[in-house]
Amino acid sequence: MEHVFPTYARFPFDLVEGHDVYLTDNNNKTYLDFTSGIGVCSFGYSNKVIMEKVESQLHKVWHISNLYESQIQDEVADQLTNDDQLAFFCNSGTEANEAAFKLAHKYTGKTTVLAFNNGFHGRTYGAMSLTGNPDIQKGFFPLVPDVEFADYNDEKAVSMINSDLAAVILEVIQGEGGVYVADKAWLADIQKACHDNSVLLIIDEVQTGIGRTGTKFAYEQFDLDPDIITSAKALGNGTPIGAMIGKKKLASAFGPGTHGTTFGGNKLSMAAANGVLEQLTPEFLDSVQAKSTLVWKQLNDEIKPLPVVTDITGLGFMIGIHLDESVNVSDIITKLHHEGLLTLSAKHNTLRLLPPLIMDEDNLSKGIEKIKQVLS
Ligand SMILES: *Cc1c(COP(=O)(O)O)cnc(C)c1O
């Protein structure tokens, strides 16, 4: 990769073909996938419904622009929103958060946003400024001003919420940060402080959303009612897409000319999202929950007792296996490659698992068995 900027330390193989929950590399080695890209291809690599929708759209029109009405955007928005919400379509998670950041500023007329240490919201200047990770911000100062940070799951954060804030942004499970789940009572306190002080609550569901934790959005399991929700990753099962979903009252600040995108809402990505959302039925989500119960039982019975494992955190199909200092998560990932299993890492020496939601119990169990072998 001589002519590509070295922003990624890449593993030395190329995944050239995918089928179901398997990927094959350029040396013809096949892997079981516990990554879904990075929480993207939740319906695997050959989902018929999504492929048919994209293929059919491919023969009609790929791109036009947002200067015309779009029935396919309406179809996706209808599936993503409730009666009191609107959607804005873009191309990635960072863009969805960028839209949320801009909207919060413009709607409230205030600039200060409270975000969280160890959080992740993306790599553009706005989203990076909200990302509480010094390694990601290093070398890029000055950032967007007026962002404050608090510790996650810390009551002190609640007392930092006052009427000078435009918004609070958080993930209900910090994904990149190491798969840390928010405390339900703490989130309720955060939300109440936001309501009492007319501060917008923005929930970043880029990684946790679209069924990853067993509900359409993870915040549903924490009884929250956010003003803005951001989505991306799994929404297009691999086509570039992002969405910001916000309450209708916010529309007054996002009129014609305030924000825009060339590719956002393009018809190919919308066709894929249509295929994803059509299949994200209550029955499908029930099946994800049922399978994840088995997964978590196996993790607790077989992985948690291993000497190198300090903790296992997460929810549904979003799993963080925390490793002690005696092992390095990158070495574990490489060993798992040799065993034919693709996995991910997250901050704090965490082995992160984001298997496709369509994976059956047998493959889920086989993958965990390989992890047990390697960690033993
Ligand atoms: C991946 C991620 C983002 C950034 O999404 P991109 O599509 O890479 O821009 C933002 N927030 C969270 C929680 C993420 O996991």
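Not measured: the values here are computed from a predicted model.

Domain boundaries in the protein chain define domain 1 (15-47 + 281-375) and domain 2 (49-279). Its C-alpha centre places domain 1 at a distance of 25 Å from the equivalent point of domain 2. Across the boundary between the two partners, domain 1 contributes 33 residues, which contact 31 residues of domain 2. Together, Asn 47, Leu 315 and Met 318 form the three largest contributors to the area buried by domain 1 at its contact with domain 2, with a combined 26%. Between the two partners, domain 1 and domain 2, sit 1 salt bridge. Residue Glu 176 pairs with Arg 352 through a salt bridge whose shortest N-O separation is 2.9 Å. Put simply, domain 1 and domain 2 have 21 residue pairs in polar contact (both at pLDDT 80 or more) between them.

To continue, consider the packing of helix H10 (residues 282-303) against helix H12 (residues 361-375). Between H10 and H12, whose axes approach to 10 Å, the crossing angle comes to 20 degrees. Classed by the angle they form, the pair H10 and H12 counts as roughly parallel. As for how H10 packs across H12, the hand of that crossing is right-handed. On H12, the residues that touch Lys 291, Leu 294, Val 295, Gln 298, Leu 299, Glu 302 and Ile 303 of H10 are Glu 361, Leu 364, Ser 365, Ile 368, Glu 369, Ile 371, Lys 372 and Leu 375. The class makeup of the residues in the contact of H10 with H12 is 8 nonpolar, 2 polar and 5 charged.

Here we come to the pairing of strand E14 (residues 318-323). When a strand is regular, its side chains alternate between the sheet's two faces. Among the 6 residues of E14, 6 are classified as buried, and the element is accordingly described as predominantly covered. As paired elements, strand E13 (residues 309-315) and E14 share 6 bridges and run antiparallel to each other. Residue pairing across strands places Asp 311 opposite His 322, the latter belonging to E14. As consecutive antiparallel partners, E13 and E14 are separated by 2 residues, and within that stretch Gly 316 has a phi angle of approximately 60 degrees, a positive value. Judged from the 4 bridges that link them, E14 and strand E17 (residues 350-353) form a sheet pairing that is antiparallel. Each residue of the ladder has a partner; that of Ile 319, found in E17, is Leu 353.

The rules we used
- Residues numbered from 1 in each chain as written.
- Predicted model: local features only at pLDDT ≥ 70, side-chain atom pairs only at ≥ 80, totals over all residues.
- Heavy atoms only, no water.
- Domains from an automatic or database assignment.
- Contact = heavy atoms within 4.5 Å.
- Buried area = accessible area lost by both parts, 1.4 Å probe.
- Salt bridge = Lys/Arg side-chain N within 4 Å of Asp/Glu carboxyl O.
- Polar contact = N/O pair within 3.5 Å; in protein donor to acceptor, adjacent residues only side chain to side chain.
- Axes fitted to C-alpha atoms, helices over the stretch in contact; angles between N-to-C directions.
- Helix = DSSP H or I, 4+ residues; strand = E, 2+ residues; numbered from the N terminus.
- Parallel < 35°, antiparallel > 145°, perpendicular 65-115°, else oblique.
- Left-handed = near helix turned anticlockwise from the far one by under 90°.
- Nonpolar A, V, L, I, M, F, W, Y, C, P; charged D, E, K, R; others polar.
- Buried < 20%, exposed > 50% of the residue type's maximum accessible area, 1.4 Å probe, protein only.
- Pairing = 2+ DSSP bridges.

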